[in-house]
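Residues per chain are reported as follows:
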Amino acid sequence: MKKNFWPWCAAVVAIIAGLILTINPSGAVKFIAMLCGLAVIANGVFNIITARKLCDTGSYTTTFYVKNIGSIVLGLLTVIIPLAVASAAWKVMVYIFAVFLVAAAALGFYSCTLLKKAGVERKRYIFENFGILLAGVLLFLISPDGLGKFIVRIIGIIVLVAGVVLLAVQIIALLNEKKNSVEVEAEVKDEPEDASDSTENQ
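Residues numbered from 1 in each chain as written. Predicted model: local features only at pLDDT ≥ 70, side-chain atom pairs only at ≥ 80, totals over all residues. Heavy atoms only, no water.

A. How the structure looks around the overall build of the protein. Per the secondary structure count, the protein includes 6 helices and 0 strands. N-terminal to C-terminal, the α/β element order of the protein is α-α-α-α-α-α. For the protein, with 202 residues in total, the buried portion stands at 31%. At a minimum sequence separation of 6, the contacts of the protein that also span at least 24 residues come to 75%. (Helix = DSSP H or I, 4+ residues; strand = E, 2+ residues; numbered from the N terminus. Buried < 20%, exposed > 50% of the residue type's maximum accessible area, 1.4 Å probe, protein only. Contact = heavy atoms within 4.5 Å.)

In structure tokens:
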């Protein structure tokens, strides 16, 4: 039963997410942007706590603080602005945040080259900056304009169909499992009868 738990959950989550993306693309864009904002805030705080002393060069320190403090500030604005301002200002904020994420990724890759020169392991930071770059590109694609809403709806339909298919697969598998268990039980019940018949014949 535990083995089948996560596919069921994934199917339900995919169906709910697909419906939300399809029915309310504007709200979905806001939600995704706010999630990106929270992730960038957490990443900036974590980096300032754990990675500020990885390299002592002035270039690294400047780049590091510009990227991470800027991430925290813009992340906070991305979370707060949807709750406080009109739609027009929110659209501008999405584009500003997307541009900043791409710039932050570029600064991050530059920081990785400085870490390489200092002989510091940088694999985690390379993956981190790829994630930031992808988030920026994603926000450009799903911007609150007409094309962005269309892209979000397409994504929603794909996710919804995938959820329905996964749910159908799980239901079919469950029915087959029950059918097989019934057949096994029937065979087990028939075996004692066959054994008793053979004993009487002897």
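B. View of the packing of helix 1 (residues 5-23) against helix 2 (residues 25-50). Helix 2 packs onto helix 1 with a crossing angle of 115° between their chain directions and a minimal axis gap of 5 Å. Counted together, Ile20, Leu21, Thr22 and Ile23 of helix 1 and Pro25, Ala28 and Ile32 of helix 2 form the full contact between these two elements. Partitioning the contact of helix 1 with helix 2 into residue classes produces 6 nonpolar, 1 polar and no charged. (Axes fitted to C-alpha atoms, helices over the stretch in contact; angles between N-to-C directions. Nonpolar A, V, L, I, M, F, W, Y, C, P; charged D, E, K, R; others polar.)

C. Structural view of helix 1. Here helix 1 contains 19 residues, and its C-alpha end-to-end distance of 27 Å stays within 8% of the 27 Å for a straight helix at 1.5 Å per residue. Turning to helix 1, its buried residues number three or more, namely Ala11, Ala14, Ile15, Gly18 and Leu21. The buried residues of helix 1 all sit within an arc of 140° when viewed along its axis, so they share a single face. The exposed set on the far side of helix 1, more than 90 degrees from its buried face, consists of Trp6, Val13 and Ile23. (Expected span 1.5 Å × (residues − 1). Arc of directions from axis to C-beta.)

D. The nonpolar core, seen in detail. One finds Trp90, Met93, Phe97, Leu101, Leu139 and Val152 to be the most contacted residues of the largest nonpolar core, which totals 22 residues. In terms of residues, this core owes the most to one element, helix 4 (residues 87-117), which gives 9 residues. For Phe97, the contacting residues outside a window of four places in its chain are Ala33, Cys36, Gly37, Val40, Leu74, Gly75, Thr78 and Leu139. Membership of the second largest hydrophobic core comes to 9 residues, among which are Cys112, Leu114, Leu115 and Val120. (Core = buried A, V, L, I, M, F, W, Y, C linked by side-chain atoms within 4.5 Å.)

E. Looking closely at a nonpolar patch on the surface. A cluster of nonpolar side chains, contributed by Phe150, Ile154, Ile157, Ile158, Val161, Val165 and Val169, occupies part of the molecular surface with about 620 Å² of accessible area. Its location among the elements puts Ile154 in helix 6 (residues 146-201). What makes Ile154 partly exposed here is its relative accessible area of 36%. (Patch = residues over 30% accessible without salt bridge, like charges linked within 9 Å, V, L, I, M, F, W, Y side chains within 5 Å. Areas by Shrake-Rupley, 256 points an atom, 1.4 Å probe, with all protein chains shown as cover. Salt bridge = Lys/Arg side-chain N within 4 Å of Asp/Glu carboxyl O.)

F. Highlighting the packing of aromatic side chains. This structure, assessed with the given rule, holds 2 aromatic pairs. Ring centres of Phe109 and Phe130 lie 5.2 Å apart, and the angle between their planes is 70°; on these two criteria the pair is classed as edge-to-face. Linking Phe109 in helix 4 with Phe130 in helix 5 (residues 123-141), this pair joins segments that are 21 residues apart in sequence. Look at Phe109 and you get partly exposed, because its relative accessible area is 27%. (Phe/Tyr/Trp six-rings, centres within 6.5 Å; stacked < 30°, edge-to-face > 60°.)

G. Structural view of the packing of helix 2 against helix 5. For the pair helix 2 and helix 5, the least separation of the axes is 11 Å and the interaxial angle reads 155°. Put simply, helix 2 runs roughly antiparallel to helix 5. Crossing angle aside, the handedness with which helix 2 passes helix 5 is left-handed. Across the interface between the two elements, Ile32, Ala33, Cys36, Asn43, Phe46, Asn47 and Thr50 from helix 2 touch Arg124, Tyr125, Glu128, Ile132, Ala135, Leu138 and Leu139 from helix 5. Its residues assigned to classes, the contact of helix 2 with helix 5 comprises 9 nonpolar, 3 polar and 2 charged. (Parallel < 35°, antiparallel > 145°, perpendicular 65-115°, else oblique. Left-handed = near helix turned anticlockwise from the far one by under 90°.)

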